[in-house]
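# Structural overview for review
So you can see what is in the structure, the chains are spelled out below.
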Amino acid sequence: MYQVEDVRHVIADLTNSSLVVSPWLAYVGGRVRFDSCISDMLYWGTRDFTQAHWRREYLTKAFGTLPVHSRFPRTAVFETAASTAAFLAYEQTGRPSVTERHATDALHVTEDFILQHGFDYFLSSYVMLTMYENHNALNYYGQMREGDFLSGRLHRPWVDYELDDELILSCELGTAELFVDSGERFVRLTTKGRDRLSDYYALLKETGYLDKRNRSLRISHFSEMEDYDSVVQQIAPTAGDLRRSFLDFTTIQPGMRVLEIGCGSGSFTFDAGLVDLVGPNGSVVATDPAPRMLERAMMKRDPHDVPWLDFVQAPAENLPFPDGSFDAVVNMLAMHLTDIPTAVKEMHRVLKPGGIVASFHPLDFPMANSIVQEWFRPVSSLVQQPKRETTMPEKSTVPDAVAPYFRDVVCQETSTPNYYTNPDIVTRFYLESVGLFDDHLTRIPWAERTRLIEETRNNGRRLCSMHTTEELTVEYPVQMLRGIARDLNASPKGCA
Ligand SMILES: C[S@@+](CC[C@H](N)C(=O)[O-])C[C@H]1O[C@@H](n2cnc3c(N)ncnc32)[C@H](O)[C@@H]1O
């Protein structure tokens, strides 16, 4: 039977692929819509594939003598293909409507992955990922009614089948147990189950699986944010001035070839004047991974006739440009949402040696402020010290990350007032879009995450009704950083 070590490489490859097993994204904008012919296509496609490629001996390899139901392999392929189709729909359109093309692509990537890694390894990885969700929920609640566990109502509301095969498997493995209390049946974790949960968590953290899930969730929330410009205007009305002073700080010159990361709705691209500064003798490529954010930015282009501007959908961690293509790479309010070390490395790769990198990003959240503390108490109470509370960079995070790749780094810190006057907007922006506490929120069952976000919103409502605008104004630390790309291929000084 395969152990965590045996599937580590499979989970790592799965993280780097477009496969998705647990479709949290499906719940960002309500239920994913598969019309019946697309569901049928996925159903029959995964059934035919499983019939053609599944071998009985895989069951013994993956699970030894455990009584795993014969429908399990097909369920695993179906759920993976359906989740991947939903993920592709979100990633490509920012909407939960799965088209035939998303379903076909999802079937292909799922099948290719299984054929490449082996059905037994795929199934073992699938089991670990779903066990992680199940065990995590049992650990959080202490115990769950058997009916709640089986329906996945609280922890996997997207599944539309009973989790009985998974429960039987956990009980056979000795990681969960059933018990009766006052005539009702409950499920709880065993000591072995708690140990396994720590192993699964370590595996998913180390392979980057959980971080990737957080980032995807965040990007989807930005896509959903129809009112981005007005949200920023309400929370940080000085953002426009900050963007303009950051543009001066970047030292970008007319005629340069500039890449903008996380352009969002184009506030820095257009409103702060980036495209105008670069002008027709240069070029700007504005990127963002959230498709609907890009749509909003593109809508601002119409009145500007700027043929030197292009939009490309891409995350900072995987830029679709050749090495050395730009004179400057700039990002305004996006670095803190990326996997910073990977994003910095990518920015350096696409820059010419001597090119400019410039970033404007918020720093660690002002949790010491009494309003902030009280507002976010429902979620901050999840944090067990000494862990970091929020996902925000510390003062040294970005400078340390850029140091190996950039020289002559200039850093400036300042602060900007944020207005906590609208409970719905502040809660939605920080908890969902920015994903401030995602490291903690994504470790709890889905229903609990939803409940705590609501509780936070209610806290905000109460605070707003009790305090003046002045009291609800929080100084927020920000950092501007600029550096010059090192030529990492140049021979060190003194060597021939
Ligand atoms: C706070 S908005 C900033 C938008 C714009 N630059 C501005 O000044 O208003 C952050 C943007 O970063 C994008 N983003 C999120 N994750 C990202 C990632 N991994 N790589 C690049 N951009 C990302 C979001 O989609 C969003 O549009």
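In the annotation of an unreviewed UniProt entry, the entry for the chain reads Methyltransferase domain-containing protein, and the organism field reads Alicyclobacillus fastidiosus.

Turning next to the sheet that holds strand β10 (residues 473–485). Pairing is mixed across the open sheet formed by seven strands, whose spatial order is β6-β5-β4-β7-β8-β10-β9. With partners counted over all chains shown, the strands left at the sheet margins are β6 (309–313) and β9 (406–419), one partner each. Neighbour-to-neighbour, the strand axes of this sheet turn through a mean angle of 15°, independent of strand direction. Across seven bridges, the pairing between strand β8 (residues 351–362) and β10 is antiparallel. For Pro362, the partnering residue across the bridge sits in β10 and is Val478.

Inspection of the region around the ligand gives 21 residues, with Tyr228, Arg243, Gly262, Asp288 and Met332 positioned closest. Asp288 is positioned such that a nitrogen or oxygen atom in its side chain is 2.6 Å from an oxygen atom of the ligand. The separation between a nitrogen atom of the ligand and a polar main-chain atom of Ala316 is 2.9 Å. Within the complex, 99% of the 590 Å² of free accessible area of the ligand lies under protein. Tallied by class, the residues present in the shell around the ligand amount to 14 nonpolar, four polar and three charged.

Looking at where Val258 falls in the secondary structure, it is placed in strand β4 (residues 257–261). Taking the relative accessible area as the measure of exposure, Val258 reaches 0% and is therefore buried. Taking the C-alpha atoms as reference points, Val258 and Thr269, separated by 11 residues in sequence, lie 11 Å from one another. If we ignore the near neighbours within four places in the chain, the residues touching Val258 are Ile252, Leu274, Val278, Ser283, Val284, Val285, Phe326, Ala328 and Val330.

Once that is clear, we can look at the packing of helix α4 (residues 72–93) against helix α15 (residues 291–301). Describing two packed helices takes the angle between their axes plus the distance from one axis to the other. Contact pair α4 / α15: the axes reach a minimum separation of 6 Å and the direction vectors enclose 15°. By the angle class used here, α4 and α15 are roughly parallel. Between α4 and α15, the residues in contact are Tyr90, Glu91, Gln92 and Thr93 and Pro291, Arg292 and Glu295, respectively. Counted by class, the contact of α4 with α15 contains two nonpolar, two polar and three charged residues.

Taken in spatial order, the three strands line up as β1-β3-β2 in an open sheet, and their pairing is antiparallel. The sheet terminates laterally at β1 (144–145) and β2 (176–181), the two strands that pair on one side only. Note: β1 against strand β3 (residues 184–189), two bridges, orientation antiparallel. Counted as the bridge partner of Arg145 is Phe186 from β3. Relative to the sheet, helix α6 (residues 119–141) contacts β1, β2 and β3, its axis offset from that of β3 by approximately 105°.

The next thing to look at is the domain arrangement of the chain. Taken domain by domain, the chain holds domain 1 (4–207) and domain 2 (224–485). Look at where the C-alpha atoms of domain 1 and domain 2 centre, and you get two points 33 Å apart. The partner domain 2 presents 18 residues to the 21 residues of domain 1 that form the contact. Roughly 1600 Å² of surface becomes buried between domain 1 and domain 2 when both sides are summed, with 57% attributable to carbon and sulfur atoms. Remark: the boundary between domain 1 and domain 2 carries zero salt bridges.

Before going further, it helps to examine the pattern of salt bridges. Enumeration according to the criterion identifies 35 salt bridges in this entry. One salt bridge in this structure joins Glu374 and Arg377, with 2.8 Å as the shortest N-O distance. For the salt bridge of Arg451 with Glu448, the shortest nitrogen-to-oxygen distance reads 2.7 Å. In this pair, Arg451 and Glu448 are both assigned in helix α22 (residues 446–466), three residues apart and thus about one turn of the helix distant.

To continue, consider the side chain of His336. Tracing the sequence through the fold places His336 in the loop between β7 (326–332) and α16 (340–350). Residue contacts for His336: discarding those within four places in its chain leaves Arg218, His361, Pro362, Thr391, Met392, Pro393 and Val434.

Here the structure, examined in full by the defined rule, presents 26 aromatic pairs. Each ring, one from Phe246 and one from Phe249, has its centre 6.3 Å from the other, and the planes form 25°; the classification is stacked. With Phe246 and Phe249 both in helix α12 (residues 239–250) and three residues apart, this pair spans about one turn of that helix. Owing to a relative accessible area of 0%, Phe246 belongs among the buried residues under this scheme. An angle of 65° between the planes, with centres 4.9 Å apart, marks the rings of Phe365 and Tyr430 as edge-to-face. Separated by 65 residues along the polypeptide, Phe365 in the loop between β8 and α17 (370–375) and Tyr430 in helix α20 (residues 423–433) bring together distant segments of the chain. Take Tyr430: its relative accessible area is 4%, and that puts it in the buried class. Joined through ring pairs, the aromatic side chains of Phe222, Tyr228, Phe365, Trp375, Phe376, Tyr420, Phe429, Tyr430, Phe437 and Tyr476 make up one cluster. A cation sits over an aromatic face here: Arg188 above Phe179, 4.0 Å from the ring centre.

Turning our attention to helix α10 (residues 209–224). For α10, spanning 16 residues, the distance from its first C-alpha to its last is 23 Å, which sits close to the expected 22 Å at 1.5 Å a residue. Taking burial as the measure, the 16 residues of α10 include 12 buried ones, the bulk of the element. By the burial criterion, the buried members of α10 are Tyr209, Leu210, Lys212, Arg213, Asn214, Ser216, Leu217, Arg218, Ser220, His221, Phe222 and Ser223.

Reading guide: rules and limits
Residues numbered from 1 in each chain as written. Predicted model: local features only at pLDDT ≥ 70, side-chain atom pairs only at ≥ 80, totals over all residues. Heavy atoms only, no water. Pairing = 2+ DSSP bridges. Helix = DSSP H or I, 4+ residues; strand = E, 2+ residues; numbered from the N terminus. Axes fitted to C-alpha atoms, helices over the stretch in contact; angles between N-to-C directions. Near = heavy atom within 4 Å. Polar contact = N/O pair within 3.5 Å; in protein donor to acceptor, adjacent residues only side chain to side chain. Areas by Shrake-Rupley, 256 points an atom, 1.4 Å probe, with all protein chains shown as cover. Nonpolar A, V, L, I, M, F, W, Y, C, P; charged D, E, K, R; others polar. Buried < 20%, exposed > 50% of the residue type's maximum accessible area, 1.4 Å probe, protein only. Contact = heavy atoms within 4.5 Å. Parallel < 35°, antiparallel > 145°, perpendicular 65-115°, else oblique. Domains from an automatic or database assignment. Buried area = accessible area lost by both parts, 1.4 Å probe. Salt bridge = Lys/Arg side-chain N within 4 Å of Asp/Glu carboxyl O. Phe/Tyr/Trp six-rings, centres within 6.5 Å; stacked < 30°, edge-to-face > 60°. Lys NZ or Arg CZ within 6 Å of the ring centre and 35° of its normal. Expected span 1.5 Å × (residues − 1).

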